Amino acid sequence: MQHERRNISMFMDFYEMTMAHGYYRKQANTDRVAFDVFFRRNPDKGGFAIFGGLEQIVEYILNLHFDECDIAYFREQGIFSEEFLSYLKDFSFTGDVYAFPEGSIIYPNEPVITVVAPLIDAQIIETAVLAMMNHESLIATKANRIVRAADRRIVSDFGARRAHNVDAAVYGARAAYIGGVHSTATVLAGQQFGIPVSGTMAHSWVMYYDSEYEAFKAYAELYPDNAIFLVDTYDVLNSGVPNAIRVAKDVLEPMGHRLKGIRLDSGDLAYLAKQARRILDDAGLTDCKIVASNSLDEYTITSLLSQDGPIDMFGVGERLITSKSDPVFGAVYKIVGIEKNGRWEPRIKVSESVEKITNPGLKKVYRVYNEQGRAIAELLTLPEEVPNTEKPYRYIDPEQPWRELYFEHCTFKEMQQLVIKDGKLLIDLPSLTEIRAYVQKQLHDEIWQEEQRFENPHRHYLDMSPDYYHMKMDLLNRIGRKK
């Protein structure tokens, strides 16, 4: 092995270090800058996304450092000055980080995270911040879609062996739990994050024994309180379910236990579940649950339930842990302002693609609620603005700026909070259970059901205060005149 240990601080694109070196040599690192982290579209054409990964981002930033072997590696590249390498030896992040609370429902083009820091500090965290937010937000969002499709039935994460690597499996399980799954089969995730773990038997257990009956019997004797039998190794209806019933009668009931469940992992799941349910009920096992797995997602689960498939629990693997239907979250990290002589100057990225033009400058993000407490829009304002709720509040829809629009009888909640100040953690981060509960509360109390549809969800608008909108337009006009 070339290196025996891994410093996560080295997780960056190389250009971040070449730019940092350039800023150092040009003595530009005294400038403070602001970067926004935002995404441009919801996965799977959904109505919203769920913010995940903040805890890992904070941990990364607070522990950012470079060891002697890291410095030696940079020296080997032959392009960095010794003065810069000496600077890296004592480097730590000294900036500020503003962010939505983890677990927040989030929408395209709003700054979920804002980094305000010296130029080098802000630049070298880019890749890590994006990777952590992109991955966990993607999986949390996908998991929540699957959980909603299951309609209050239990969903467990079975995805580790199909994940892209160990970290993807472990942090994917964390994100899936935020999104609402009930448990994970990934032991390391259970140990590391306190997620409930679940799991019973594999086909290999059944195939090891001389008969399916013996396999079920041995398992029941070992785990009488958690007897869930995998019944599709040979023949679900003619072998698997009958043998499960035999063991329930011969082994479990004499011990004072009941057959907890059977699992279907292949075939026509809706048909097999219906037939298995009938056979189990006829045998007096009406309390025996049916678990389904095998390449499930929100669409297959919706289909199974629309066919009245009597399935009580779902084990979801590859399509959850990889978000197979839409595997890229697409958050970006864009500079929006530079502090010069104590004043902030906005910066904007202009593109031939209108949707890629950024929202410049320091700003506040408010969530707007109607009288019933439902979130109806997001509002961007200048940082010093506080919306006046005593009268109708005029705002601008940037896609229809000519319209005269007002929020009436509404309340405004500022979404970003200061998480890190001068490189120090400022708040107590919530537990994973609290993050998960926060997601559920928002979806139940605040987010329209119309936004939660899988097909053609209601659009959640991103509006602007008049002052913020005019600042953006003035900046675009100035850039246009320079061409």
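Residues numbered from 1 in each chain as written. Predicted model: local features only at pLDDT ≥ 70, side-chain atom pairs only at ≥ 80, totals over all residues. Heavy atoms only, no water.

(A) Structural context of the UniProt feature "domain: Nicotinate phosphoribosyltransferase C-terminal" (unreviewed entry) in the chain. Following the UniProt record, the feature "domain: Nicotinate phosphoribosyltransferase C-terminal" (unreviewed entry) maps to residues 363–472 here. For residues 363–472, helix accounts for 19% and strand for 31%, while the C-alpha atoms at its two ends are 11 Å apart. (UniProt positions renumbered as here; feature names shortened; annotations may be inferred. Helix = DSSP H or I, 4+ residues; strand = E, 2+ residues; numbered from the N terminus.)

(B) Focus on the pattern of salt bridges. Considering all chains together, one arrives at 30 salt bridges under this definition. Between Arg75 and Glu82 there is a salt bridge, with its nearest N and O atoms 2.9 Å apart. Using a relative accessible area of 38% as the deciding quantity, one classes Arg75 as partly exposed. Given the relative accessible area of 41%, Glu82 is considered partly exposed. One salt bridge connects Asp282 with Arg278, and the closest N-O pair in it is separated by 3.9 Å. A residue pair is termed a helical-turn pair when its members lie 3 or 4 positions apart in one helix, as Asp282 and Arg278 do in helix 12 (residues 269–282) at four residues. On the basis of relative accessibility, which here comes to 63%, the residue Asp282 falls in the exposed class. Of the residues examined, Arg278 reaches a relative accessible area of 44% and is grouped as partly exposed. A cluster of three or more residues bridged by salt bridges with shared partners is formed by Arg32, Asp96, Glu339 and Lys421. (Salt bridge = Lys/Arg side-chain N within 4 Å of Asp/Glu carboxyl O. Buried < 20%, exposed > 50% of the residue type's maximum accessible area, 1.4 Å probe, protein only.)

(C) Main features of the sheet that holds strand 1 (residues 32–38). Taken together, the seven strands give an open sheet; going across it, the order is 13-12-1-5-3-19-20, and neighbouring strands pair in antiparallel fashion. Among the strands making up the open sheet, the edge pair consists of strand 13 (343–346) and strand 20 (424–425). Relative to strand 19 (residues 417–421), strand 3 (residues 96–99) runs antiparallel, the two sharing three bridges. Directly across from Val97, in strand 19, lies its bridge partner Ile420. Each of strand 3, strand 5 (113–118), strand 19 and strand 20 is contacted by helix 2 (residues 54–62), which is oriented at about 25 degrees to strand 19, the strand it contacts most. (Pairing = 2+ DSSP bridges. Contact = heavy atoms within 4.5 Å. Axes fitted to C-alpha atoms, helices over the stretch in contact; angles between N-to-C directions.)

(D) Summary view of the sheet that holds strand 9 (residues 261–264). Read from one edge of the open sheet, six strands run 7-6-11-10-9-8, paired in parallel fashion. Bordering the open sheet on either side are strand 7 (183–184) and strand 8 (228–230), each of which pairs with just one other strand. Pairing of strand 8 with strand 9, which is carried by three bridges, proceeds in the parallel orientation. In the strand pairing of strand 9, Leu230 is matched with Arg263.

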